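Now for the letters of each chain:
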Amino acid sequence: MSGHGAAQPMTARRSGPLRGRAEIPGDKSISHRALILGAMAVGETRITGLLEGQDVLDTAKAMRAFGAELIQHGPGDWSVHGVGVGGFAEPAEVIDCGNSGTGVRLIMGSMATSPITATFTGDASLRKRPMGRVTDPLALFGARAYGRKGGRLPMTLVGAAEPVPVHYTVPVPSAQVKSAVLLAGLNAPGQTVVVEREATRDHSERMLRGFGAELTVEAAPEGQIITLTGQPELRPQTVAVPRDPSSAAFPVCAALIVEGSEILVPGVSRNPTRDGLYVTLLEMGADIAFENEREEGGEPVADLRVRASELKGVEVPPERAPSMIDEYPILSVVAAFADGTTIMRGVKELRVKESDRIDAMARGLEACGVRIEEDEDTLVVHGRGSVPGGATCATHLDHRIAMSFLVLGMAAEAPVAVDDGSPIETSFPIFMGLMRTLGADLSDG
Ligand SMILES: O=C(O)C1=C[C@@H](OP(=O)(O)O)[C@@H](O)[C@H](O)C1
Ligand SMILES: C=C(OP(=O)(O)O)C(=O)O
């Protein structure tokens, strides 16, 4: 769990050129899914490259509470002995998902169609986030949720004893909602159909097929139609988790704005449902070469060679948001160092992440001397090629806000501090060490 210990202030100072190789840990989204599907398969799933960030460790603990056996053989190397679809045991303890929206929402989906009851909670950030977006569709399967006002954690979910399959159109672009419905559909007889108006990350679909579920995706005028046949016997798999493009974004963006930098970031996913940041950076004039394109762990990947670049402001279209939803905080930092205005539209989902990310970035950027404008669904950053810095930014238990402002400090004129860097542990535990080996001037305190 994060957010329960003492706050850890951290400071970034203007850094020399960043140089070297940045080996990024495993993808967080894929790591959660590998543990959950491993727990729902019959037999041993072997996972390599698992992200051992706190979010994923909390999901591992939850899978044990539901009866799966998990063994860690070495760093990132895990076995999950699953109990089969419908085989979850009733947990004897409250499931604490820490800081992780993905963890809690996917786990709720995975248990909602079993005749068991579980109570979920999380840290102060997760307890503010809306759960109705998953418990509404889970109710259609026959599950019942009892939570705090506004559908907040702590919340008890009573799984459906006689689940029925569901036809559901996801009302907000959300891979978590889509995935929760698909995972619930696993233990409902017949076909569960999810309609997605805007495509979101497709790791669940890829992995469900990999584990042997029957799943089809069809393009239709109303969006994509995903059809899952319920009650399969999932076959255990060997999952090689690819590196996380959302974590890679931090060294990549740091190298773009710290003068004289050149780094190599191997094996970054080029999955089109995750690569919106990279498309945007190229439009801004970023010098990024995609070398050695290949497939790893079922995902298209490339080695990224990134050199410091003169960047210009751009308009990021709303339809790109799902493919870069977690990357807007770091993009807004890069935009502050670009020449001209960057307009990010269609970003209101950022308001319900670990923090209200539009507000957190807007306040911190202003404190660092950057002019911004915002409304409910838009963030505008007026870039002037350089940033004064010299502020302490509040991170609100949000790892991406913490890392974004530390990257800003590496290129700003005066040092930039964050009030609490401890949430970085949730998704990118080696961030500080890795950035230092590249040449970043980062200190604790
Ligand atoms: O499915 C996932 O693994 C995720 C989906 C996204 O959330 P939403 O589904 O809320 O957009 C993203 O922000 C999160 O970091 C991971
Ligand atoms: C939004 C994020 O994660 P989650 O929703 O899983 O807490 C994120 O990692 O940026």
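Cut-offs used in this document
- Residues numbered from 1 in each chain as written.
- Chains lettered and ligands numbered in written order.
- Predicted model: local features only at pLDDT ≥ 70, side-chain atom pairs only at ≥ 80, totals over all residues.
- Core = buried A, V, L, I, M, F, W, Y, C linked by C-beta atoms within 7 Å.
- Buried ≥ 20, exposed ≤ 12 C-beta atoms within 10 Å, placed from the backbone.
- Contact = placed C-beta atoms within 7 Å.
- Near = placed C-beta within 6 Å.
- Nonpolar A, V, L, I, M, F, W, Y, C, P; charged D, E, K, R; others polar.
- Domains from an automatic or database assignment.
- Helix = DSSP H or I, 4+ residues; strand = E, 2+ residues; numbered from the N terminus.
- UniProt positions renumbered as here; feature names shortened; annotations may be inferred.
- Axes fitted to C-alpha atoms, helices over the stretch in contact; angles between N-to-C directions.
- Parallel < 35°, antiparallel > 145°, perpendicular 65-115°, else oblique.
- Left-handed = near helix turned anticlockwise from the far one by under 90°.
- Pairing = 2+ DSSP bridges.

**What to know about the nonpolar core**
Logical step 1: By size, the foremost hydrophobic cluster in this structure holds 78 residues, and its most contacted members are Cys-253, Ala-254, Leu-256, Val-334, Val-407 and Leu-408.
Logical step 2: Setting aside residues no more than four positions away along its own chain, Leu-408 makes contact with Val-333, Ala-336, Cys-368, Val-387, Gly-389 and Val-416.
Logical step 3: By size, the runner-up hydrophobic cluster in this structure holds 64 residues, among which are Ala-118, Leu-138, Phe-141 and Leu-182.

**Remarks on the site of ligand 2**
Logical step 1: The immediate surroundings of ligand 2 are formed by Ser-100, Gly-101, Thr-102, Asp-326, Lys-353, Glu-354, Arg-400 and Ser-427.
Logical step 2: Here the shell around ligand 2 is composed, by residue class, of no nonpolar, four polar and four charged.
Logical step 3: Shared between two domains, the shell around ligand 2 takes at least three residues from each, and those domains are domain 1 (10–26 + 242–444) and domain 2 (28–233).

**Re helix H3 (residues 101–111)**
Logical step 1: In terms of burial, H3 is largely enclosed, as 11 of its 11 residues are buried.
Logical step 2: Of all the positions in H3, only Gly-101, Thr-102, Gly-103, Val-104, Arg-105, Leu-106, Ile-107, Met-108, Gly-109, Ser-110 and Met-111 are classed as buried.

**Details of the UniProt feature "active site" (unreviewed entry) in the protein chain**
Logical step 1: UniProt records the feature "active site" (unreviewed entry) at Asp-326, using the numbering of this structure.
Logical step 2: Take Asp-326: it is sitting in the loop between strand S18 (315–316) and helix H9 (328–337).
Logical step 3: Exposure remark for Asp-326: the 24 C-beta atoms within 10 Å place this residue in the buried category.
Logical step 4: Apart from the residues lying within four places of it in its own chain, the contact partners of Asp-326 are Ser-246 and Arg-400.

**Examining the packing of helix H10 (residues 357–367) against helix H11 (residues 399–411)**
Logical step 1: Interhelical geometry of H10 versus H11 gives an angle of 25 degrees and a closest axis separation of 11 Å. In terms of axis orientation, H10 runs roughly parallel to H11. Where H10 crosses over H11, the handedness of that crossing is right-handed. Side by side, H10 and H11 meet where Arg-357, Ala-360, Met-361 and Gly-364 of the first sit next to Ile-401, Ser-404 and Phe-405 of the second.
Logical step 2: Looking at side-chain class alone, the contact of H10 with H11 contains four nonpolar, two polar and one charged residues.

**Thoughts on the domain arrangement of the protein chain**
Quite often, the size of an interface is put as the accessible area lost when its parts meet.
Logical step 1: Looking at the assigned domains, one finds that the protein chain contains domain 1 (10–26 + 242–444) and domain 2 (28–233).
Logical step 2: Each of domain 1 and domain 2 was reduced to a C-alpha centroid, and the two centroids are 29 Å apart.
Logical step 3: Each side of the interface is counted separately: domain 1 has 21 residues, and domain 2 has 27 residues.
Logical step 4: Classifying every residue of the side of domain 1 that touches domain 2 by side-chain character gives eight nonpolar, six polar and seven charged.

**Looking at the site of ligand 1**
Logical step 1: Taken together, Ser-29, Gly-101, Thr-102, Ser-174, Ala-175, Gln-176, Ser-179, Arg-201, Ile-325, Asp-326 and Glu-349 are the residues near ligand 1.
Logical step 2: Counting residues per element, the ones that place at least two in the shell around ligand 1 are H3 and helix H5 (175–185).
Logical step 3: The leading source of residues in the shell around ligand 1 is H5, at three residues.
Logical step 4: Counting the residues that make up the shell around ligand 1, at least three belong to each of domain 1 (10–26 + 242–444) and domain 2 (28–233).

**Some thoughts on the sheet that holds strand S8 (residues 144–148)**
Pairing between the strands of a sheet comes from backbone hydrogen bonds, and it takes one of two forms, parallel or antiparallel.
Logical step 1: Taken in spatial order, the four strands make up an open sheet running S6-S7-S9-S8, and their pairing is mixed. Where the open sheet ends on each side, the last strands, each with one partner, are strand S6 (95–96) and S8.
Logical step 2: Direction of pairing for strand S7 (residues 117–121) relative to strand S9 (residues 152–158): antiparallel, over a ladder of four bridges. Within S9, the residue paired with Thr-117 across the bridge is Val-158.
Logical step 3: The strands that H3 touches are S6, S7 and S9; relative to S7, the one it contacts most, it runs at about 175 degrees.

**Quick notes on the sheet that holds strand S11 (residues 191–196)**
Logical step 1: One open sheet accounts for four strands, arranged S10-S11-S13-S12; its pairing is mixed. Only two strands of the sheet have a single neighbouring strand rather than two, namely strand S10 (167–170) and strand S12 (215–220). On average, each strand axis in the sheet is inclined to that of its neighbour by 20 degrees, with strand direction left out of account.
Logical step 2: Two strands pair when backbone bridges link them, and S10 and S11 are joined in this way by four bridges, in the parallel orientation. Each residue of the ladder has a partner; that of Thr-169, found in S11, is Val-195.
Logical step 3: Where H5 meets the sheet, its contacts fall on S10, S11 and strand S13 (223–229), and the angle it forms with S11 comes to roughly 170 degrees.

**Considering the UniProt feature "binding site: phosphoenolpyruvate" (unreviewed entry) in the protein chain**
Logical step 1: On the UniProt side, "binding site: phosphoenolpyruvate" (unreviewed entry) is annotated at positions that read Lys-28, Gly-101, Arg-129, Gln-176, Arg-357 and Arg-400 here.
Logical step 2: With respect to the element layout, Lys-28 can be found in helix H1 (residues 28–40).
Logical step 3: Judged by the 25 C-beta atoms lying within 10 Å of it, Lys-28 falls in the buried class.
Logical step 4: Not counting residues up to four positions away in its chain, the partners in contact with Lys-28 are Leu-51, Gly-53, Asp-55, Val-56, Asp-244 and Ser-427.
Logical step 5: Along the chain, the position of Arg-357 falls in helix H10.
Logical step 6: Setting aside residues no more than four positions away along its own chain, Arg-357 makes contact with Tyr-328, Pro-329, Leu-350, Asp-398 and Ile-401.

**Notes on the pairing of strand S16 (residues 287–296)**
Logical step 1: Burial analysis of S16 places just zero of its 10 residues in the buried class, which makes it a mostly uncovered element.
Logical step 2: As paired elements, S16 and strand S17 (residues 299–307) share eight bridges and run antiparallel to each other. Along S17, the bridge assignment pairs Phe-290 with Leu-304.
Logical step 3: From the end of S16 to the start of S17, which pair antiparallel, there are two residues, and Gly-297 there has a positive phi angle of about 55 degrees.

**Thoughts on the packing of H3 against H5**
Logical step 1: Viewed as axis vectors pointing N to C, H3 and H5 meet at an angle of 25 degrees, and their least axial separation amounts to 7 Å. One finds that H3 runs roughly parallel with respect to H5. Every pair of crossing elements has a handedness; the one defined by H3 and H5 is right-handed. Facing H3, whose interface residues are Gly-101, Thr-102, Arg-105, Leu-106, Met-108, Gly-109 and Ser-110, H5 presents Gln-176, Ser-179, Ala-180, Val-181, Leu-183 and Ala-184.

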